[in-house]
Amino acid sequence: MFMLIGVLGWIGAQVHLKIEQLGMRVETKMDELNTTLVSIERDLRSELTHLDRRVTKVETHHLECSHRNDNERRVARIEAQP
């Protein structure tokens with residue numbers, strides 16, 4: 001009977017040890033995953049900032065061209081008047 005209690009105690013200790021090891025491995029993997037996600041987020045924010053700057057430049061250029069075309073049309077209308 002004491003042998004059975006001893007074996008069950010040993011099995012319980014082994015299970016407890018394996019659960020602790022698994023918890024540590026999961027925690028390590030979660031830390032690695034978090035580091036990777038933070039890096040990806042930083043890269044995406046940087047790319048978004050660059051994209052936003054490029055869009056702003058394109059929009060500004062488009063507005064400048066639009067104003068220039070409007071002015072050219074006005075001048076053409078004024079010159080075309082008798």
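Structure: see above.
Residues numbered from 1 in each chain as written. Predicted model: local features only at pLDDT ≥ 70, side-chain atom pairs only at ≥ 80, totals over all residues. Heavy atoms only, no water.

Colleague: Sorry, what's going on with the pattern of salt bridges here?
Modeller: Side-chain pairs of opposite charge can arise whenever the charged atoms involved come near each other. Counted by the stated rule, this structure contains 2 salt bridges. In this structure, E32 engages K29 in a salt bridge whose closest nitrogen and oxygen atoms are separated by 3.8 Å. One end of the pair is E32 and the other is K29, both in helix α1 (residues 2-80) and 3 residues apart, which spans about a single turn. We classify E32 as partly exposed; its relative accessible area is 41%. When its relative accessible area of 55% is taken as the criterion, K29 is described as exposed. For the salt bridge of R45 with E41, the shortest nitrogen-to-oxygen distance reads 2.9 Å. Of the two residues, R45 and E41 both sit in helix α1, 4 residues apart, roughly one turn of that helix. A residue is classified by how much of its surface remains accessible, and R45, at 54% relative accessible area, is exposed. The partly exposed category is assigned to E41, whose relative accessible area is 39%. (Salt bridge = Lys/Arg side-chain N within 4 Å of Asp/Glu carboxyl O. Helix = DSSP H or I, 4+ residues; strand = E, 2+ residues; numbered from the N terminus. Buried < 20%, exposed > 50% of the residue type's maximum accessible area, 1.4 Å probe, protein only.)

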